[in-house]
Amino acid sequence: MVIDAAHRRRKTLATVRANFELLTLTLPALIAFFLFNYLPMGGVIVAFKRYRYDAGILHSPWIGLANFSFFFRSVDAWRITRNTVAYSTAFIIVGTITAVVIALLLLEVRSTGAKKIYQTVMILPRFLSWVVISFITHAILNPVHGVGNQIIVALGGTAVEWYSHTQYWPFILTISHVWNSVGITSIIYYAALMGVDPQLYEAAEIDGATRLQQTWHVSIPALVPVITILNILAIGNLFTGDFGLFYQIPRDVGRLYPVTDIINTYVYRGLRQGDIGRTAAVGLFQSSVGLVLIIVTNAIIRRISPENALF
Amino acid sequence: MSGRQSHASSTLLHLFFIAFSLAFIVPFLLVLSISFSHEETIRTLGYRLIPPEFTLDAYRYAFANPGRIQDAYIVTTLQSALGTFLSIVVMATCGYALSRRSFRYRGPITFIVFFTMLFSGGLVPLYIVVTQYLRLGNSFWVYIFPRLVSAFPIIIFRTFFQSIPESLPESAKIDGASEWTIFFRIIVPLSKPVVATLSLFGLIDRWNDWFTTLIYVRDTRLYTLQFLLQRILREAQFLRAIATELPLGMDIGQHDLPTESLRFAMLIIAAGPMLVVFPFFQKHFAKGLTIGAVKG
């Protein structure tokens, strides 16, 4: 027994030594993950506490689920949850359709030069921050100087106070999102289309398939795996909005919150106001639902088509 | 795709794409035009895509007191370069170890990395850890460390390194090379495309960072360009303060400065270089996107 234990220990030691160098290669990353991912994960206990700066996370008093019940009883809970999920869903649907259509149309462009120019222009927004893009929306939507109102007035309409009325913002935000992401996504889809064996199209053509039929029966099926992978990630992020889009484009205007406030902007404001416990509770609610969503989506995908599952 | 394509449908296709491309180009021309507009034009006619006359007034003001923009350029350049470099080294070394099938802790460490993609503690606990425990708030290092690692690039690195035959590092090991040497001497030279692409992505994200400043930084000398721009757009008083180098609050008259065009001139000065550099990266970028689409 004793010998056995010693032997085992020596063997463990040997494997540790053999793996030691590889372990040191992972060490910097592990330390960073520990500090900036796993410590904050442990820090979610602050959602069950009344946070005091002098006491820190560990020594602040426990208050059970008070932070959660406060949030779920407030009018904000439904509003920000609805906005976050509704926008994510709209972005998935509109974004995917637009990008797929653009990719399919790009495939029809014969001139490689023109194709390259169109692609380059479309991914321009990816190189810019939402702050820069908010200058553009400001230049269009500014009620006094903006180009948007100039056009409306020139066409005989009356100028619109964009930043005072909520009804325009679902469209403005969706357009901004699609404008920002369509180039990237369509390039990914286009790359998938380039991988299709040209013989498939030739065979379809010999069988008398029209261009539209070729698209439907050859191109679209080729895109399904990529669409699936990109959208599992997106569905997992259904509860997470793009903070930059929702903070910079509506410029944090309070009157627009009913349609522009999402969980992430709400959490940011809560943090700014020092409302630590309650805001952490909202964040934990968001992360937990996100975790469930991604696991469920992945399980469903794994059942339908295992090769497209993420894990 | 072979087959017929009538002349008319080809023209229609190009017309569509030209119109679509204009939706991306015109907004940039618009902000450029505003920066060259007379303040008087803006006041009477509004922002114009083609202003009746061009002026360099706004740029003269912007360059008369360039202090803040200079600071922001230095901070942004340093944090993007150093942050990207360190982050790529740390993530690539980790990805390499995880690509080695003989590595005993491969499974658990991969899980530790992967799990961060599924769950996070959220902004608030991270904020407390960074500011209260690690004391990184309002310092330059807050740009470097909290974003040092993320799971997705590590998995991309791992997947890429797995395509390198394992016999290569194994034979080097027999020759007495350490894993670190193998990584830097053998693996990195073979992996230039993936390193270049992920560095480019990291560089762009860091260059465009305003969120870190918004959350963690108060000192105006530590502002990134993007955050400086955010305040310039939102606060006329802040714009006047930095353009005149007067302390905030000691506001000079509103009409002494071309406030409207100055804002956009600042935008062009701060974001312009990115737009000029951008076309040179485009090829790499499109390639990298398809690397990113490969599942881990």
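What you see is a predicted model; the values in this text were computed from it and never measured. Here the residue numbers are simple positions, counted from 1 along each chain's written sequence. Whichever chain is written first becomes A and whichever ligand is written first becomes 1, with later ones labelled in order. Per-residue local features of the predicted model are confined to residues with pLDDT of at least 70, and side-chain atom pairs are confined, for both listing and counting, to 80 or more; whole-chain, interface and lining totals are unaffected and use all residues. The side-chain quantities take in all heavy atoms of the structure and omit both hydrogens and water.

### Overview of the domain arrangement of chain A
By a widespread convention, an interface's size corresponds to the accessible area lost as its parts come together.
Then, in step 1: Here chain A is partitioned into domain 1 (2-47) and domain 2 (74-308).
Then, in step 2: Each of domain 1 of chain A and domain 2 of chain A was reduced to a C-alpha centroid, and the two centroids are 39 Å apart. Marked domain ranges trace back to an automatic or database domain assignment.

### Digging into the confidence of the model for chain A
Then, in step 1: This prediction gives chain A a mean pLDDT of 92; 97% of its residues lie at or above 70.
Then, in step 2: Mean pLDDT values over the elements of chain A span from 86, in helix α1 (residues 2-42) of chain A, up to 97, in helix α11 (residues 243-248) of chain A. pLDDT expresses, on a scale from 0 to 100, how confident the predictor is about each individual residue. Strands are runs of DSSP state E lasting at least two residues, helices are runs of H or I lasting at least four, and both sets are numbered from the N terminus onward.

### Remarks on the packing of helix α8 (residues 169-194) of chain A against helix α10 (residues 211-236) of chain A
All names here are of chain A.
Then, in step 1: Helix axes are fitted only over the stretch in contact, all axes being lines through C-alpha atoms; the angle between N-to-C directions runs from 0 to 180 degrees. Running from N to C, α8 and α10 cross one another at 135 degrees; their axes reach a closest spacing of 9 Å. Taken together, the axes of α8 and α10 lie oblique to each other. In this structure, the crossing between α8 and α10 has a hand that is right-handed. From α8, Thr185, Ile188, Tyr189, Ala192 and Leu193 reach across to α10, where they touch Ser219, Leu223, Val226, Ile227 and Leu230. Each angle gets one of four labels, with under 35 degrees taken as roughly parallel, over 145 as roughly antiparallel, 65 to 115 as roughly perpendicular, and the rest as oblique. If you view the pair so one helix is near and one far, a crossing is left-handed when the near helix is turned anticlockwise from the far one by less than a right angle, and right-handed when it is turned clockwise. Throughout, a residue-residue contact means that at least one pair of heavy atoms, one from each residue, lies within 4.5 Å.

### Things to note about the layout of surface pockets
All names here are of chain A.
Then, in step 1: The pocket and cavity definitions rest on a 1 Å grid over protein atoms only: a 1.4 Å probe that fits but cannot leave marks a cavity, an open set with protein on both sides within 12 Å along at least five of seven lines marks a pocket, and residues lining either have an atom within 4 Å of a point. Grid points are joined across faces, edges and corners, and a volume is the space filled by probe spheres set on the points. Here the second largest pocket is characterised by a volume of approximately 420 Å³.
Then, in step 2: In terms of residue count, helix α6 (residues 130-141) provides more of the lining of the second largest pocket than any other element does, 5 residues in total.
Then, in step 3: Classification convention: Asp, Glu, Lys, Arg as charged; Ala, Val, Leu, Ile, Met, Phe, Trp, Tyr, Cys, Pro as nonpolar; all other residues, Gly among them, as polar. In terms of residue class, the lining of the second largest pocket is made up of 15 nonpolar, 3 polar and no charged.

### Examining helix α3 (residues 66-73) of chain A
All names here are of chain A.
Then, in step 1: For every residue, the accessible area (1.4 Å probe, protein chains only) is compared with the maximum for its type, and the residue is labelled buried under 20%, exposed over 50%, or partly exposed between those bounds. What α3 keeps buried is the set Asn67, Phe68 and Phe71. Along α3, the residues classed as buried sweep out an arc of 95 degrees about the axis, all on the same side.
Then, in step 2: In this fold, the buried residues of α3 make contact with α4 (75-108), α13 (263-272) and α14 (276-304). This arc is built from the directions going out from the helix axis to the C-beta atoms.

### Describing a nonpolar patch on the surface
Then, in step 1: Patch members must show over 30% relative accessible area and no salt bridge, and they are joined within 9 Å when carrying like charges or within 5 Å when they are nonpolar side chains of Val, Leu, Ile, Met, Phe, Trp or Tyr. Surface accessibility follows the Shrake-Rupley procedure with a 1.4 Å probe radius. Residue values consider only the protein chains on display as shielding. Salt bridge criterion: a side-chain nitrogen from Lys or Arg within 4 Å of a carboxyl oxygen from Asp or Glu. A contiguous nonpolar surface patch, about 650 Å² in accessible area, is contributed by Ile18, Leu22, Ile25, Val26, Leu29, Leu32, Leu49 and Ile50 of chain B.
Then, in step 2: Inspection of the secondary structure assignment puts Ile25 of chain B in helix α1 (residues 7-35).

### Points about the domain arrangement of chain B
Then, in step 1: Here chain B is described as being made up of domain 1 (7-65 + 235-292) and domain 2 (67-216).
Then, in step 2: Taken over C-alpha atoms, the centre of domain 1 of chain B sits 33 Å from the centre of domain 2 of chain B.

### Points about the nonpolar core
Then, in step 1: The definition of a nonpolar core used throughout is a set of buried Ala, Val, Leu, Ile, Met, Phe, Trp, Tyr and Cys residues joined through side-chain atoms within 4.5 Å. The biggest cluster of nonpolar side chains holds 151 residues, and the ones touching the most others in it are Trp169 of chain A together with Met266 of chain B.
Then, in step 2: Looking at this core, the element that brings in the most residues is α8 of chain A, giving 13 residues.
Then, in step 3: Each residue touching Met266 of chain B, except ones within four places of it in the same chain, is listed here: Ala62, Ile69, Leu229, Ile232, Leu239 and Ile242 of chain B.
Then, in step 4: With 32 residues, the next largest nonpolar core counts Leu25 of chain A together with Val90, Ala97 and Ile164 of chain B among its residues.

### Some details on the environment of Arg255 of chain A
Residue and element names in this part refer to chain A.
Then, in step 1: Residue placement: Arg255 occurs in the loop between α11 and α12 (257-260).
Then, in step 2: Its relative accessible area of 56% is what places Arg255 among the exposed residues.
Then, in step 3: Polar contacts, as used here, are pairs of N or O atoms within 3.5 Å; protein pairs need one atom able to donate a hydrogen and one able to accept it. Residues neighboring in sequence count only if both atoms are side-chain atoms. Of the polar contacts made by the side chain of Arg255, one reaches the side chain of Ser164; its length is 3.4 Å.

### Let's talk about the interface of chain A and chain B
Then, in step 1: Opposite the 99 residues of chain A that make contact, chain B presents 100 residues.
Then, in step 2: Along the contact surface separating chain A from chain B lie 1 salt bridge.
Then, in step 3: Linking chain A to chain B there are 21 residue pairs in polar contact (both at pLDDT 80 or more).
Then, in step 4: No other element matches α1 of chain A, which puts 22 residues into the side of chain A that touches chain B.
Then, in step 5: A class-by-class count of the residues in the side of chain A that touches chain B yields 64 nonpolar, 24 polar and 11 charged.

### A short note on the pattern of salt bridges
Pairing is possible between side chains that carry opposite charge, provided their charged atoms lie close to one another.
All names here are of chain B.
Then, in step 1: Here the structure, examined in full by the defined rule, presents 19 salt bridges over all chains.
Then, in step 2: The closest approach of N and O atoms between Arg100 and Glu179, which form a salt bridge, is 2.9 Å. Of the two residues, Arg100 is situated in the loop between α4 (67-99) and α5 (106-118) and Glu179 in helix α9 (residues 179-190); the sequence distance between them amounts to 79 residues. Across this residue pair, the class does not change: Arg100 and Glu179 are buried.
Then, in step 3: Through salt bridges that share partners, Arg100, Arg101, Glu166, Glu170, Lys173 and Glu179 make up one connected network.

### Observations regarding the packing of α5 of chain B against helix α7 (residues 151-162) of chain B
Residue and element names in this part refer to chain B.
Then, in step 1: Where α5 contacts α7, the two axes come as close as 8 Å, and the packing angle between them is 140 degrees. Judged on the interaxial angle alone, α7 and α5 are oblique. Contacts between α5 and α7 involve Arg106, Thr110, Val113, Phe114, Thr116 and Met117 from the first element and Ala151, Phe152, Ile154, Ile155, Arg158 and Gln162 from the second.
Then, in step 2: A class-by-class count of the residues in the contact of α5 with α7 yields 7 nonpolar, 3 polar and 2 charged.

### Let's talk about unusual backbone geometry
Then, in step 1: Notably, Asp252 of chain A is not glycine yet its phi reads approximately 60 degrees, a positive angle.
Then, in step 2: Within the secondary structure layout, Asp252 of chain A lies in the loop between α11 and α12.
Then, in step 3: At Arg135 of chain B, a residue that is not glycine, the phi angle is positive and equals roughly 55 degrees.
Then, in step 4: With respect to the secondary-structure elements, Arg135 of chain B resides in the loop between α6 (123-133) and α7.
Then, in step 5: Given a relative accessible area of 61%, Arg135 of chain B falls into the exposed group.

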